[in-house]
Amino acid sequence: MRRVLRSLLVVLLALIGVAGAHSLTFSQVDVHLNADATRLTVTLPRAALTHDPAALPAGTTDASLQATPLPQPVTQALTRLVTARLHVRAAPGDLPLTVTAARAAGENVTVTLTAPAATGTVTVQTDLFPDDTLHKTFLNLYRAQTLAGQYALDHDQTTATLEGPRQSTAQVVLTFIREGVHHIFIGPDHILFVLALVLLGGRTRTQVKIVTAFTAAHSVTLALATLNAVQLPDRLVESVIALSIVVVGLHDLRVLRRTSPRVAPTRDPRAALAFAFGLIHGFGFASVLREQTLPADAATWSLAAFNVGVEVGQLCILLVAAAALHLLRRAGPHITRTSLRVTATAITATGGVWFLQRLLT
């Protein structure tokens, strides 16, 4: 049991480092395959550009990326970056890309390009920020203004190929289910919140109520935020998500001070906490889909599939947590109580560190 406990602490410390490094960033590439020409729009987040020393000229500041027009050296650097790290292939080979404009756009910089018309099978290869292994690029391919393919590219999967006239609904669903699962697994704050909710165990009915409350809440705000019906500042969302870990962790510690580490069914606030904070976690989940700017004809399927992926990832976490808690309880009440207290303390402290980091930076 001590070995299990030490391993858990190591994982928690690693999660602090992952969440404290810098926020996840997302690029977007829209490729319009028209009969007369190929037109591309590349959206690059300023946060990713400023973290890539090779992307911009020395001395470039965040303010430089918000200027209108952009300074000439910055425009030239963006041109080199995009044309070197983005390739579109169609018969008989790579299409020559020409940058026609670069401008500031809120938290992003957009680069517009043109290329000769592409026919037949089209392959897009890109790794816009190769030094950032968590960076993702959302690729939308259009034929005659109709969405034909939608892909999520990253450091390991850099290529997408469009062969048919339109990507099937099944392909869209599978793509976004995978993205939902992936987003849960790279989101240590969501993982710790779920662990804090189920750490004390309880009756099956209670556990179902907790999970259902969290799922219902984050599903609502995920849809609202993705469809731009409701928006909250990212800094506020991320700070409250960290605070949610602290609140639930403190509740766990308070219960664990009792003689029996069980929650009274009539006074268990975890379902209410799961629903209240789940509303905020939904805004956090939506950051991926909001960055992608879902096309109208694919928004419903993409949103539903992403939410299913989130639930699949969450279920995996719950199953692992349940197995670990079962093993702890077999070791005896003293070891169980000590392990739960240490784990709850580590979760609460981790959430506190993240809260201060996000609130003050």
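Fair warning: this is a prediction, and the values are worked out from it, not measured in the lab. (Residues numbered from 1 in each chain as written. Predicted model: local features only at pLDDT ≥ 70, side-chain atom pairs only at ≥ 80, totals over all residues. Heavy atoms only, no water.)

Within this structure, the stated rule accounts for 3 aromatic pairs. On the numbers, 6.2 Å between centres and 80° between planes, the contact of Phe193 with Phe277 is edge-to-face. In this pair, Phe193 sits in helix H5 (residues 188-198) while Phe277 sits in helix H8 (residues 270-292), placing the two residues 84 residues apart along the sequence. Phe193 gets classed as buried once you look at its relative accessible area, which sits at 0%. Given the relative accessible area of 15%, Phe277 is considered buried. (Phe/Tyr/Trp six-rings, centres within 6.5 Å; stacked < 30°, edge-to-face > 60°. Helix = DSSP H or I, 4+ residues; strand = E, 2+ residues; numbered from the N terminus. Buried < 20%, exposed > 50% of the residue type's maximum accessible area, 1.4 Å probe, protein only.)

Before going further, it helps to examine the pattern of salt bridges. For side chains of opposite charge, pairing can occur when their charged atoms come near one another. Evaluated as defined, the whole model comprises 10 salt bridges. Its salt-bridge partner being Glu107, residue Arg46 comes within 3.7 Å of it at the nearest N-O pair. Highlighted residues: Arg46 in helix H2 (residues 46-50) and Glu107 in the loop between strand E5 (98-105) and strand E6 (108-115), separated in sequence by 61 residues. On the basis of relative accessible area, Arg46 is assigned to the buried category, the value being 6%. By relative accessible area, which is 57% here, Glu107 ends up exposed. The partner of Arg358 in a salt bridge is Glu238, with the nearest N and O atoms 3.5 Å apart. Of this pair, Arg358 sits in helix H10 (residues 333-360) while Glu238 sits in helix H7 (residues 234-256); the two residues are 120 residues apart in sequence, bridging distant segments of the chain. On the basis of relative accessibility, which here comes to 14%, the residue Arg358 falls in the buried class. Assessed through its relative accessible area of 27%, Glu238 is described here as partly exposed. Connected via shared salt-bridge partners are Arg46, Asp62 and Glu107. (Salt bridge = Lys/Arg side-chain N within 4 Å of Asp/Glu carboxyl O.)

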